[in-house]
Amino acid sequence: MLKGKTALVTGSTSGIGLGIAKALAEQGANVVLNGFGDATAPQAEVAALGVQVAYHGADMSKPSEIEDMMKFAAAKFGRVDILVNNAGIQHVAKVEDFPVEKWDAIIAINLSSAFHATRLALPAMKAANWGRVINIASVHGLVASAEKSAYVAAKHGIVGLTKVTALENATTGVTCNAICPGWVLTPLVQKQVDAKAAALKLSNEEATRLLLGEKEPSMQFTTPQELGALAVFLCSAAGNNVRGAAWNMDGGWAAQ
Ligand code: NAD
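What counts, and where the lines are drawn
Residues numbered from 1 in each chain as written. Predicted model: local features only at pLDDT ≥ 70, side-chain atom pairs only at ≥ 80, totals over all residues. Heavy atoms only, no water. Salt bridge = Lys/Arg side-chain N within 4 Å of Asp/Glu carboxyl O. Helix = DSSP H or I, 4+ residues; strand = E, 2+ residues; numbered from the N terminus. Buried < 20%, exposed > 50% of the residue type's maximum accessible area, 1.4 Å probe, protein only. 1 Å grid on protein atoms, 1.4 Å probe; cavity = no way out; pocket = protein on both sides within 12 Å on 5 of 7 lines; lining within 4 Å. Points joined across faces, edges and corners; volume = space filled by probe spheres on them. Contact = heavy atoms within 4.5 Å. Polar contact = N/O pair within 3.5 Å; in protein donor to acceptor, adjacent residues only side chain to side chain. Domains from an automatic or database assignment. Buried area = accessible area lost by both parts, 1.4 Å probe. Near = heavy atom within 4 Å. Areas by Shrake-Rupley, 256 points an atom, 1.4 Å probe, with all protein chains shown as cover. Phe/Tyr/Trp six-rings, centres within 6.5 Å; stacked < 30°, edge-to-face > 60°.

A. Focus on the pattern of salt bridges. This model, assessed by the stated rule, comprises 6 salt bridges. In this structure, Arg-79 engages Asp-81 in a salt bridge whose closest nitrogen and oxygen atoms are separated by 2.7 Å. Note that Lys-196 is salt-bridged to Glu-214, the shortest N-O span being 3.1 Å. With Lys-196 in helix α6 (residues 187–200) and Glu-214 in helix α7 (residues 204–215), this pair connects stretches of sequence that are 18 residues apart. Classification of Glu-214 by relative accessible area gives partly exposed; the value is 44%.

Pasting the structure below:
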């Protein structure tokens, strides 16, 4: 379905980003991966799906590196047809204790990076009259939790950016939507399970049940594969008129 298209997924060396990159590759899209850490294994996993894959290690907190990555993708594949703004980090502390540099980093990586990548991707998408911008927000783009001020602010912000991008392109073949996952068991969430286990002297299983039980009625993690399938739907012809949506996949979290 996506043969001949190019997808750039930020923060795709692990977790949700890698899951979405693989789901798009399964549909035939060539992929540009991004993120920290060793990219050899993720690149091999995507290449094994029979598509071309490239990697750029831009630090998404740095606009000049994002610009470099977008130029690299265009030089390699012609243009970016599908942009998945996924890179993100977390830090947990009360507002009055929140380290200022963590606030700045979360806003830069979880919100501003999506603005920069989107503004640089849109001209070629509009010229082709086809494009998909998919912002990986969070259920925290819809509701809040204590001790996550920067994350919740950034995720509410990206839902707003999604709506504006969708509206500005509503008469074109370029759509923009947000996906809002609840808990997904990735390194980002495992750190929060570990913190709970250490603070309350619980086993990993007990801390996991507690974490899910506090917020997610289904008591199940959403998987990167399920999120990948939603991204594929948004890229399909059936997704042509889905514009500015913030689609939660959260086990009922935001329904409460
Ligand atoms: P993860 O830690 O597994 O992956 C994060 C990715 O972002 C990694 O590839 C990492 O290298 C990359 N990254 C981090 N800082 C970067 C930077 N400065 N520049 C470039 N890349 C950077 O986390 P994840 O859980 O897969 O999270 C992915 C996205 O999904 C995030 O935006 C997160 O907020 C969102 N999300 C996660 C959950 C969850 O439960 N895991 C729920 C809702 C939303």
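B. Highlighting empty space enclosed by the protein. Counted under the stated rule, the structure contains 1 cavity of 30 Å³ or more. The space that makes up the largest cavity amounts to roughly 40 Å³. Lining the largest cavity, in full, are Thr-10, Asn-85, Asn-86, Ala-87, Ile-109, Asn-110, Ser-113, Ala-114, Ile-136, Lys-155 and Ile-158. Sorting the residues of the lining of the largest cavity by element identifies α4 (100–128) and α5 (149–168) as the ones contributing at least two each. It is α4 that contributes the most residues to the lining of the largest cavity, 4 residues altogether.

C. Just the side chain of Gln-90, in detail. Looking at where Gln-90 falls in the secondary structure, it is placed in the loop between β4 (82–85) and α4. Once you skip the residues sitting within four places of it in the chain, Gln-90 turns out to touch Ile-106, Lys-148, Tyr-151, Leu-188 and Gln-192.

D. Spatial organisation of the environment of Asn-241. Take Asn-241: it is sitting in the loop between α8 (224–235) and β7 (246–249). Judged by relative accessible area, which is 64%, Asn-241 ranks as exposed. For Asn-241, the side chain forms a polar contact with the side chain of Arg-243, separated by 3.2 Å.

E. Up close: unusual backbone geometry. Positive phi values are uncommon outside glycine, yet Lys-201 reaches one of about 55°. Of note in this structure, Met-219 is not a glycine but carries a positive phi near 55°. Positionally, Met-219 belongs in the loop between α7 and α8. Here Met-219 falls in the partly exposed class, since its relative accessible area comes to 40%.

F. Structural context of the domain arrangement of the protein chain. Structurally, the protein chain comprises domain 1 (6–182 + 223–255) and domain 2 (185–221). Spacing between the C-alpha centres of domain 1 and domain 2 amounts to 25 Å. On the side of domain 2, 9 residues touch domain 1, which itself brings 16 residues to the contact. When domain 1 packs against domain 2, close to 860 Å² is buried across both sides, 58% of that on carbon and sulfur atoms. Looking only at domain 1, the three residues that lose the most surface to domain 2 are Gln-90, Gly-251 and Trp-253, adding up to 41% of its buried area. In this structure, the connection of domain 1 to domain 2 is made through 0 salt bridges. Here domain 1 is connected to domain 2 by 3 residue pairs in polar contact (both at pLDDT 80 or more).

G. Molecular detail of the site of the ligand. Taken together, 30 residues form the shell around the ligand, and within it Thr-13, Asn-86, Tyr-151, Val-184 and Thr-186 come nearest. Separating an oxygen atom of the ligand from a side-chain N or O atom of Tyr-151 is a distance of 2.5 Å. In isolation the ligand exposes 820 Å². Once the protein is present, 93% of that is buried. The set of elements that each furnish at least two residues to the shell around the ligand consists of α1 (15–26), α5 and α6. At 3 residues, α6 tops the list of elements feeding residues into the shell around the ligand.

H. Region of interest: the side chain of Thr-172. Relative to the assigned elements, Thr-172 resides in the loop between α5 and β6 (174–181). For Thr-172, the side chain forms a polar contact with the main-chain nitrogen of Val-174, separated by 2.9 Å. The residues contacting Thr-172, other than those within four sequence positions of it, are Asn-129 and Arg-243.

I. Fine view of the packing of aromatic side chains. Counted according to the given criterion, the structure contains 2 aromatic pairs. Arranged with centres 5.3 Å apart and planes meeting at 50°, the rings of Trp-183 and Trp-253 form a pair that is tilted. Note that Trp-183 is positioned in the loop between β6 and α6 and Trp-253 in the segment after β7, a separation of 70 residues in sequence. Measuring from ring centre to ring centre gives 5.8 Å for Phe-233 and Trp-247, while their planes differ by 70°; the resulting arrangement is edge-to-face. Separated by 14 residues along the polypeptide, Phe-233 in helix α8 and Trp-247 in strand β7 bring together distant segments of the chain. On the accessibility criterion, Phe-233 (30% relative accessible area) is partly exposed.

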